[in-house]
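Chain and residue survey
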Amino acid sequence: MSTNTISKVPLLDLRAQYDTIRPEVDDAVRRVMESCGFIGGPEIKGLEEEIARYSQTAHAVACASGTDAILIALWALGIGPGDEVICPSYTFFATAGTISNNGATPVFIDIDPKTYNMDLHLIEKAITPRTKAIVAVSLFGQCADIPSIKAICDKHQLFLIEDAAQSIGSEWEGKRSGSMCDFGTFSFFPSKNLGGAGDGGMIVTQNAELAEKARLLCNHGAKPKYYHSVVGTNSRLDALQAAILRVKLRHLDRWSEQRAKNAALYNQLFEGTAVGRPYHDPRTRHIYNQYVIRVTNRDGLKAHLAERNIGCEVYYPVPLHQQKCFASLGYKTGDMPHSEQAALETLALPIYPELSEDMIRHVAQTVRDFVANK
Ligand SMILES: *Cc1c(COP(=O)(O)O)cnc(C)c1O
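Residues numbered from 1 in each chain as written. Predicted model: local features only at pLDDT ≥ 70, side-chain atom pairs only at ≥ 80, totals over all residues. Heavy atoms only, no water.

1. Side note on the site of the ligand
Taken together, 15 residues surround the ligand, and among them T67, D163, Q166, S187 and K192 come closest. S187 has a polar side-chain atom sitting 2.6 Å from an oxygen atom of the ligand. Within the side chain of K192, an N or O atom sits 2.6 Å from an oxygen atom of the ligand. Taking 380 Å² as the accessible area of the ligand by itself, protein coverage stands at 93%. When contributions to the shell around the ligand are tallied by element, the ones reaching two or more residues are α3 (66–76) and α4 (94–101). Partitioned by chemical class, the residues of the shell around the ligand number 5 nonpolar, 8 polar and 2 charged. (Near = heavy atom within 4 Å. Polar contact = N/O pair within 3.5 Å; in protein donor to acceptor, adjacent residues only side chain to side chain. Areas by Shrake-Rupley, 256 points an atom, 1.4 Å probe, with all protein chains shown as cover. Helix = DSSP H or I, 4+ residues; strand = E, 2+ residues; numbered from the N terminus. Nonpolar A, V, L, I, M, F, W, Y, C, P; charged D, E, K, R; others polar.)

2. Quick look at the pairing of strand β11 (residues 291–294)
Side chains Y291 and I293 project from β11 onto one buried face, and the interleaved V292 and R294 project onto a second face that is buried too. Pairing of β11 with strand β12 (residues 346–349), which is carried by 4 bridges, proceeds in the antiparallel orientation. For Y291, the partnering residue across the bridge sits in β12 and is L349. (Buried < 20%, exposed > 50% of the residue type's maximum accessible area, 1.4 Å probe, protein only. Pairing = 2+ DSSP bridges.)

3. Concerning the domain arrangement of the chain
Assigned domains of the chain: these are domain 1 (18–108 + 117–249) and domain 2 (251–372). The centre of domain 1, based on its C-alpha atoms, is set 25 Å off from the matching centre of domain 2. Listed per partner, the contact involves 37 residues of domain 1 and 32 residues of domain 2. Summed over both sides, the interface of domain 1 with domain 2 buries roughly 3100 Å², with 58% coming from carbon and sulfur. Contact with domain 2 buries surface across domain 1, with Y90, F140 and N193 losing the most and accounting together for 26% of the total. At the junction of domain 1 and domain 2, the tally comes to 0 salt bridges. Where domain 1 packs against domain 2, one counts 28 residue pairs in polar contact (both at pLDDT 80 or more). Within the residue set of the side of domain 1 that touches domain 2, elements represented by two or more residues are α1 (14–35), α4, β3 (105–109), β6 (171–172) and α8 (239–249). At 4 residues, the largest contribution of residues to the side of domain 1 that touches domain 2 is made by β3. Grouping the amino acids of the side of domain 1 that touches domain 2 by side-chain chemistry returns 18 nonpolar, 13 polar and 6 charged. (Domains from an automatic or database assignment. Contact = heavy atoms within 4.5 Å. Buried area = accessible area lost by both parts, 1.4 Å probe. Salt bridge = Lys/Arg side-chain N within 4 Å of Asp/Glu carboxyl O.)

4. Points about the packing of helix α10 (residues 298–307) against helix α12 (residues 357–373)
The contact between α10 and α12 brings their axes to 10 Å, and the two run at 135°. It follows from the interaxial angle that α10 and α12 lie oblique. For the pair α10 and α12, the sense of crossing is right-handed. In this structure, α10 uses G300, L301, H304 and L305 to contact α12, whose residues at the interface are T366, V367 and F370. (Axes fitted to C-alpha atoms, helices over the stretch in contact; angles between N-to-C directions. Parallel < 35°, antiparallel > 145°, perpendicular 65-115°, else oblique. Left-handed = near helix turned anticlockwise from the far one by under 90°.)

5. Notes on the sheet that holds strand β7 (residues 175–176)
With antiparallel pairing, the 3 strands of this open sheet are ordered in space as β7-β6-β10. In this open sheet, the two strands that pair with only one neighbour each are β7 and β10 (284–285). Inspection of the sheet shows β6 paired to β10 by 2 bridges, in the antiparallel sense. From the neighbouring strand, E171 faces β10, where its bridge partner is R285.

The following block contains the structure:
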């Protein structure tokens with residue numbers, strides 16, 4: 001099949017997605033504008049109920065971002081100065097930034113190089129008398145082995161938060177991401193599988209008391225209004241975002257399935273080449289928020305694709321234990337070899353659901369040309 005008529009493939013094309021759902025989205029926006037109910041109200045309540053159902057959880061609390069969702073989950077668990085929280089080094093910054101923002105100390109561990117999720121065997125070695133919690137991440141859309149991590153947490157009486165910003169709808173042995181721990185946290189950043197028209201987030205839990213704490217903290221600790229039992233903050237989701245997200249949630253499974261189909265086609269096209277394909281653990285439902293390959297000359301491939309107008313991105317170029325802001329924690333290069341290697345070799349390719357088969361073939365061929373001629 002000829003792919004030489006394609007001149008450009010972006011990493012993500014939100015415009016293409018909007019074109020497929022425009023009447024529904026526009027109606028939802030108009031509905032909120034007509035009501036002029038911008039804070040709280042039926043759209044928020046509706047989205048919270050729908051996300052709770054979707055994620056197999058009993059409670060959902062909307063908040064302002066995926067970052068705030070982690071921040072508030074840690075806060076609601078009482079984590080603060082003097083406490084240590086274990087998390088992977090290879091993840092988006094917010095996983096650890098929120099631990100620091102609560103006054104606690106992030107303790108980084110390395111990843112399993114196949115899944116990019118935290119290496120279970122390293123957890124117990126990182127536990128000290130100060131350890132209070134683990135923030136596990138389900139990276140790139142593949143649920144981490146949360147049941148095994150939860151078993152370690154139960155043994156040592158630690159709390160478990162799953163940073164499920166990239167994994168809404170993903171599953172571990174049929175159980176949804178976010179549902180198997182004390183708190184699961186979602187992001188509605190526009191590039192996530194369920195992305196809003198701006199920032200947004202959600203905290204989910206099976207525990208009514210924890211849900212109530214989180215809700216209180218998101219609303220200045222006020223219940224009823226103007227009566228403050230604790231000091232909280234303002235972290236809310238806009239009703240406009242909730243209305244848009246409710247429309248998009250109806251399409252989420254179809255989109256995530258299309259991403260998985262796109263991944264399967266890439267996998268087939270990269271078979272027998274020097275391109276390292278993403279590993280899909282058969283125990284998970286992978287929703288492919290990112291399709292991440294590994295190559296030895298990653299920066300060369302990145303430049304090659306950029307010259308040919310193919311979008312790609314490095315997630316993530318610097319593991320968290322090597323970030324300047326965490327220098328005082330005393331980690332050094334070599335401490336987390338798998339995270340460091342991944343940071344040098346990984347590259348995310350376009351995987352969004354609206355990609356045509358020709359576009360995928362064009363991207364794959366352009367990658368193959370590079371690795372073959374290197
Ligand atoms: C996107 C993301 C976040 C933060 O979400 P925001 O909504 O951008 O604040 C946290 N953790 C991970 C792993 C993410 O990918």
